[in-house]
Amino acid sequence: MSDVQTQPEPRSVLVTGGNRGIGLAIARAFAAQGDKVAVTVRTMCDMPDGILAVQADVTDSASLDAAFAEVEKAHGPVTVVVANAGITKDQLLMRMSEDEFTSVIDTNLTGAYRTVKRAITGMVRKKTGRVILISSVSGLYGAPGQFNYSASKAGLVGMARSLTRELGSRGITANVVAPGFIRTEMTDALGEDKKREYLANVPAKRFAEADEVARVVTWIAGPDAAYISGAVIPVDGGLGMGH
Ligand code: NDP
């Protein structure tokens, strides 16, 4: 028998690193469909109407815990969490310092651990939840200069799949969205030569907009995707095909 859910009530959604880039686009997309949306920011700032900003750094469990408590008070238990906060510190391995390695892991991978661990308590209690981890084509395909970043993003796949096996029977799904080149401050920082070089390998021959990632995230968090868990969904114009 079908166990497909009908369109849920507005849910309490939390997106980490939601003050700009892909995180902000994801937050806007959830808000546009009527969900109660909060984003973590490191520095308090004005957010668009309908989006609550809470202060947290994903490298600091106590600040995340306080942010979740604030969101729970305002919107109820978080049933959709998007671990989006991420950084790059690109460097060839031969020159990569231990700090460049561990700080990227601490934000991108351990930050996702801290976020998801805090989120699932409420999800288990409510017997429903959507965990979405924002990975990268680099985590699957590899990229020179991204030994640290690729490792952190590949680790998210293991997390989603382990969580699926742990909590799949509790109405909770965990999926990975793996963007390719999306126009944000992160990719603006690449030089023009680098951008041209990357673009040459993208079958779609263009960078994507953050909204194109956001629409996939809201879909994977929605009722039509209730039976999808442990999946890696690329949004990369074909760049990572088969990885
Ligand atoms: P941006 O650099 O534009 O934004 C990164 C966000 O993460 C910011 O909100 C930033 O906050 C936040 N952040 C960074 N470190 C921390 C931290 N310690 N605690 C809390 N928040 C933090 O990046 P994008 O929007 O481009 O990227 C978003 C996600 O998508 C990242 O995980 C990235 O790896 C991934 N991605 C991006 C791609 C792209 O082409 N742009 C491709 C593939 C994956 P603050 O403003 O305070 O710095």
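Residues numbered from 1 in each chain as written. Predicted model: local features only at pLDDT ≥ 70, side-chain atom pairs only at ≥ 80, totals over all residues.

Going by the annotation in an unreviewed UniProt entry, the name recorded for the chain is 3-oxoacyl-[acyl-carrier protein] reductase, with Falsarthrobacter nasiphocae given as the source organism. We quote the UniProt Sequence similarities (unreviewed entry) comment for the chain here in full: "Belongs to the short-chain dehydrogenases/reductases (SDR) family." (UniProt positions renumbered as here; feature names shortened; annotations may be inferred.)

Peer 1: Any chance you could explain the UniProt feature "domain: Ketoreductase" (unreviewed entry) in the chain here in plain terms?
Peer 2: UniProt feature "domain: Ketoreductase" (unreviewed entry): in the numbering of this structure it lies at residues 11–185. As annotated, residues 11–185 comprises 47% helix and 19% strand, and the C-alpha atoms at either end are separated by 29 Å. (Helix = DSSP H or I, 4+ residues; strand = E, 2+ residues; numbered from the N terminus.)

Peer 1: Would you take a moment to explain the pairing of strand β5 (residues 129–134) for this structure?
Peer 2: Walk down a regular strand and you will see the side chains alternate between the two sheet faces. Counted residue by residue, β5 has six buried out of six residues, so it is predominantly covered. Running through helix α3 (residues 98–126), the crossover from strand β4 (residues 80–83) to the neighbouring parallel element β5 is right-handed. Of the strand pairs in this sheet, β5 and strand β6 (residues 172–179) are connected by six bridges, and their pairing is parallel. Bridging from a neighbouring strand, Arg130 pairs with Thr173 of β6. (Buried ≥ 20, exposed ≤ 12 C-beta atoms within 10 Å, placed from the backbone. Right-handed = clockwise from strand over helix to strand, strands pointing away. Pairing = 2+ DSSP bridges.)

Peer 1: Sorry if this is basic, but what is going on with the environment of Thr43 here?
Peer 2: Residue position: Thr43 is located in the loop between β2 (36–41) and β3 (51–55). For Thr43, a count of 8 C-beta atoms within 10 Å puts it in the exposed group. The spatial distance from the C-alpha of Thr43 to the C-alpha of Gly168 is 35 Å, given a sequence separation of 125 residues.

Peer 1: Help me understand the site of the ligand in this model?
Peer 2: Taken together, 27 residues lie around the ligand, and Gly17, Gly21, Ala85, Gly86 and Thr184 are the ones closest in. Looking at the shell around the ligand, the elements with two or more residues in it are α1 (21–32) and α6 (185–188). Across the shell around the ligand, the residue classes break down as nine nonpolar, 14 polar and four charged. (Near = placed C-beta within 6 Å. Nonpolar A, V, L, I, M, F, W, Y, C, P; charged D, E, K, R; others polar.)

Peer 1: Where do I start with the packing of α3 against helix α5 (residues 147–167) in this structure?
Peer 2: Geometrically, a packed helix pair is captured by the angle between its two axes and the distance between the axes. At a closest axis distance of 9 Å, the pairing of α3 and α5 adopts a crossing angle of 20 degrees. Comparing their axes, α5 and α3 come out roughly parallel. Note on packing geometry: the crossing formed by α3 with α5 is right-handed. Residue-level contacts link Glu100, Phe101, Val104, Ile105, Asn108, Leu109, Ala112, Val116, Ile120 and Val124 of α3 to Asn148, Tyr149, Ala151, Ser152, Lys153, Gly155, Leu156, Met159, Leu163 and Leu167 of α5. (Axes fitted to C-alpha atoms, helices over the stretch in contact; angles between N-to-C directions. Parallel < 35°, antiparallel > 145°, perpendicular 65-115°, else oblique. Left-handed = near helix turned anticlockwise from the far one by under 90°. Contact = placed C-beta atoms within 7 Å.)

Peer 1: What is the right way to look at the pairing of strand β1 (residues 12–15) in this model?
Peer 2: By the alternation rule, side chains of β1 split into Ser12 and Leu14 and Val13 and Val15, which are all buried. Two strands pair when backbone bridges link them, and β1 and β2 are joined in this way by four bridges, in the parallel orientation. Among the inter-strand pairings, Val13 is bridged to a residue of β2, identified as Val37. For β1 and β4, the ladder comprises three bridges, and the chain directions are parallel. Bridge pairing in β4 links Val13 to Val80.

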